[in-house]
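Listed below, chain by chain, are the residues.
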Amino acid sequence: MFLKGITIATLSACFAVAFAQQGIGDPTFPHLGNKGYRAEHYDLKLNYAPETSVLKADVTMSGSADQDLSSFQVDFAGFTVTLVRLNGLPVQYSRSGDKLTIKPTKPLPKGSKFRLETLYFGKPDVVQSAALPAGMKSGWIRFAGGAAAICEPELAHTWFPCNDHPLNKATFDVDISTPVGYSAISNGKELRISPTRVHFVMDKPGSTCMALVVVGKFTSFKQAGPNGLSMVNYIPTGEEAIYAKRLAVDAKFMEFLSAKIGAYPYSTYGVLVLPDAVSKVNMLMAGSALETTTLPVFGPQAVADGTLCHEMAHQWMGNCVSVTNWGDDLWWVEGFAQYSEWLQVEMTEGKDAYDKAALAVFGQVASSPHWLKPGHVSAADLFSEHTYIGGALTFYALRRQIGDEKFFQTIHQFIDEHKFSSATTQDLIGVASKVSGQDLKPFFDAWLFGEALPKMPQ
Ligand SMILES: [Zn+2]
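Given the structure is predicted, the values throughout are model-derived calculations rather than measurements. (Residues numbered from 1 in each chain as written. Predicted model: local features only at pLDDT ≥ 70, side-chain atom pairs only at ≥ 80, totals over all residues.)

Right, let's talk about the overall build of the protein for a bit. The secondary structure content of the protein amounts to 11 helices and 24 strands. For 458 residues, the compact-globule estimate of 2.2 N^0.38 gives 23 Å, and the protein sits close to it at 22 Å. Once the C-alpha set of the protein is aligned to its principal axes, its extents read approximately 65 × 60 × 40 Å. Looking at the protein as a whole, 50% of its 458 residues are labelled buried. (Helix = DSSP H or I, 4+ residues; strand = E, 2+ residues; numbered from the N terminus. Rg over C-alpha atoms; globule rule 2.2 N^0.38 Å. Buried ≥ 20, exposed ≤ 12 C-beta atoms within 10 Å, placed from the backbone.)

Encoded structure:
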């Protein structure tokens with residue numbers, strides 16, 4: 001995520017188990033996500049009318065039981081649920097807080113596959129995330145002429161039932177119907193069914209909070225990507241001339257980043273720019289961007305070279321490899337994306353300009369009373385200078401510590417080893433130490449957890 005205001009410039013197996021209000025195990029969000037099963041695929045059939053803001057949905061989660069389950073939970077808030085089916089048959093369910101509890105007639109045996117279908121309708125709306133600045137409500141953002149679902153880190157379940165944590169990635173089919181004259185867009189490859197219905201396929205696993213649905217009036221245009229990659233951008237209809245040139249940098253940076261840290265992990269890429277109408281309802285969102293899988297979404301004031309590179313870098317770091325828990329791991333997700341804005345400077349202006357940009361920020365931080373140690377943050381500080389600036393400087397220092405070749409080899413290998421999964425800070429330290437031949441624990445201890453700003457390696 002790129003947030004307006006945070007910039008470099010400014011700085012048991014034998015028993016059937018019931019899980020009651022117990023999360024997936026992330027201390028940052030103790031109630032988020034669920035244990036006992038894994039969602040493998042989501043099939044979302046959505047019908048949304050911007051004029052009435054009513055969403056009608058039929059969502060099927062295909063999953064597998066990790067152990068015998070007499071009941072299990074999914075994250076889901078709001079809406080009127082009209083029917084829940086398990087493996088094609090109506091099933092007993094109850095709702096409490098943000099959990100939908102399913103009680104199968106007979107326990108689901110460990111290892112069994114299941115299909116959970118939920119039919120519901122209602123008017124989705126914005127919610128105040130515990131991790132975002134007060135007033136920056138997100139979730140289902142309605143604006144004149146459309147809506148956009150923007151959900152990091154914990155709001156996907158405010159519009160579809162899911163296991164809402166990056167520890168449980170899944171593939172997606174999203175089928176959206178709209179009234180005549182609207183476009184609907186989601187992650188992955190677009191298959192148009194009719195003028196009022198479109199289907200998107202995301203065949204590689206992604207996090208629930210990086211699922212995107214946007215409805216409005218958009219025009220798509222293709223851009224030639226490196227190595228035959230399909231790059232499709234979606235911009236507000238009538239604004240093609242404004243954005244076509246500004247988005248051209250993406251193809252070059254895709255080539256640059258793929259060469260540095262490994263092949264792009266998905267089969268499509270593009271960006272979506274929201275219309276100015278979003279500024280009227282959410283000023284902060286208008287200047288922010290989010291790395292929704294394969295298709296980052298940008299507020300109209302956020303389209304800039306650095307931010308384009310930031311969100312692209314997240315496709316590797318954050319989407320292909322995600323956090324294990326938000327508070328301990330977001331620094332390497334946001335830190336690397338923020339660091340990649342300096343890589344964009346290096347690509348366009350050379351190594352000296354890259355060093356100058358990074359050292360200017362290091363100087364600013366050195367003159368402030370507190371080091372922005374990034375290694376562990378609370379929910380309220382997830383999207384703060386700690387993770388962005390502290391994290392970016394940690395990557396910059398690591399490159400100076402181990403050299404260019406071993407630095408990029410570390411990033412490449414870390415992504416490769418944890419592809420389409422989650423990783424931890426310890427995993428990253430392990431790869432960096434192995435690749436460099438140095439014991440980097442003291443280095444990372446100082447940069448991630450030290451009370452004082454460490455010395456920059458020569
Ligand atoms: Zn970011």
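On we go.
Helix length check: helix H8 (residues 385-402), at 18 residues, gives a terminal C-alpha distance of 25 Å against a target of 26 Å (1.5 Å per residue), a fit within 8%. Buried residues dominate H8, accounting for 16 of its 18 residues. Of the residues one or two after H8, glycine 403 is the one with positive phi, at around 90°. (Expected span 1.5 Å × (residues − 1).)

Turning our eyes to something else, we now look at the sheet that holds strand S6 (residues 92-96). The antiparallel open sheet is built from 3 strands, whose spatial order is S3-S7-S6. Each edge of the open sheet is held by one strand with a lone partner, namely strand S3 (72-75) and S6. The sheet shows a mean angle of 25° between the axes of neighbouring strands, direction not considered. In this sheet, strand S7 (residues 99-103) lies alongside S6 in antiparallel orientation, the contact comprising 5 bridges. Bridging from a neighbouring strand, arginine 95 pairs with leucine 100 of S7. (Pairing = 2+ DSSP bridges. Axes fitted to C-alpha atoms, helices over the stretch in contact; angles between N-to-C directions.)

In terms of nonpolar packing, the biggest core is built from 137 residues, with Leu272, Val297 and Met317 touching the most fellow members. Sort the elements by how many residues they give to this core and helix H6 (residues 326-349) lands first, with 12 residues. When residues are assigned to domains, this core turns out to be shared by domain 1 (42-57 + 121-316) and domain 2 (321-449), each giving three or more. Apart from the residues within four sequence positions on either side, leucine 272 is in contact with Ile185, Val214, Tyr234, Leu295, Val297 and Phe298. (Core = buried A, V, L, I, M, F, W, Y, C linked by C-beta atoms within 7 Å. Domains from an automatic or database assignment. Contact = placed C-beta atoms within 7 Å.)

A few words on the domain arrangement of the protein. According to the domain assignment, the protein consists of domain 1 (42-57 + 121-316) and domain 2 (321-449). Inter-centroid distance (C-alpha atoms) of domain 1 to domain 2 is 26 Å. Contact with domain 1, which involves 23 residues of that partner, is made by 25 residues of domain 2. Counting residues per element, the ones that place at least two in the side of domain 1 that touches domain 2 are strand S15 (197-206), helix H2 (249-261) and helix H5 (305-316).

On to the sheet that holds strand S16 (residues 213-216), then. Taken together, the 5 strands give an open sheet; going across it, the order is S9-S10-S11-S16-S13, and neighbouring strands pair in antiparallel fashion. Single-partner strands in this sheet number two, and they are strand S9 (126-127) and strand S13 (183-186).

What describes two packed helices is the angle between their axes and the distance between those same axes. Look at helix H9 (residues 404-417) against helix H10 (residues 425-436): their axes get within 9 Å of each other, and the N-to-C directions meet at 135°. Considering the angle they form, H9 stands oblique to H10. As H9 packs across H10, the resulting crossing turns out to be right-handed. Contacts from Lys406, Gln409, Thr410, Gln413, Phe414 and Glu417 of H9 reach H10 at Asp427, Leu428, Val431, Ala432, Val435 and Ser436. Grouping the constituent residues of the contact of H9 with H10 by class yields 5 nonpolar, 4 polar and 3 charged. (Parallel < 35°, antiparallel > 145°, perpendicular 65-115°, else oblique. Left-handed = near helix turned anticlockwise from the far one by under 90°. Nonpolar A, V, L, I, M, F, W, Y, C, P; charged D, E, K, R; others polar.)

If you check H10, its first and last C-alpha atoms are 16 Å apart, about what 12 residues at 1.5 Å a residue would give, namely 16 Å. Those residues of H10 not exposed but buried are Thr425, Leu428, Ile429, Val431, Ala432 and Val435. Down the axis, H10 shows its buried residues gathered within 165° of arc, on one side only. Contacts made by the buried residues of H10 are with H6, H8, H9, strand S24 (421-423) and helix H11 (441-449). Glycine 437, located one to two residues past H10, shows a positive phi value of around 75°. (Arc of directions from axis to C-beta.)

What follows covers the packing of H8 against H9. Relative orientation of the contacting elements H8 and H9 amounts to 125°, with a least axis distance of 6 Å. As summarised for this structure, H8 and H9 are arranged oblique, according to the angle between their axes. Crossing of H8 against H9: the hand is right-handed. Along the contact surface, H8 presents Leu398, Arg399 and Ile402, while H9 presents Asp404, Lys406 and Phe407.

Moving on, we get to the pairing of strand S18 (residues 230-236). Both faces of the sheet carry side chains from a regular strand, because those side chains alternate between them. As defined by bridge partners, strand S17 (residues 218-224) adjoins S18 across 7 bridges and the pair is classed as antiparallel. If you follow glutamine 223 over to S18, its bridge partner there is methionine 231.

Turning to the environment of phenylalanine 79, a few remarks are in order. You can see phenylalanine 79 is positioned in the loop between S3 and strand S4 (80-86). The exposure class assigned to phenylalanine 79 is buried, which follows from the 21 C-beta atoms found within 10 Å. Considered as a pair, phenylalanine 79 and alanine 57 are 22 residues apart in the sequence and their alpha carbons are 9.9 Å apart. Setting aside residues up to four positions removed in sequence, phenylalanine 79 forms contacts with Tyr120, Phe121 and Gly122.

Time to look at the pairing of strand S14 (residues 189-194). Looking at chain direction, S14 and S15 are connected through 5 bridges and run antiparallel. The partner of arginine 192 across the bridge, within S15, is valine 198. Between S14 and S15, which follow one another and run antiparallel, lie 2 residues.

That bond from glutamate 152 to proline 153 is cis: its omega, 0°, falls within 30 degrees of zero. Looking at the secondary structure, you find proline 153 in the loop between strand S11 (146-150) and strand S12 (170-177). We note that phenylalanine 79 has phi near 70°; this positive angle belongs to a residue other than glycine. With a phi close to 55°, phenylalanine 420 is a non-glycine residue in the positive phi region.

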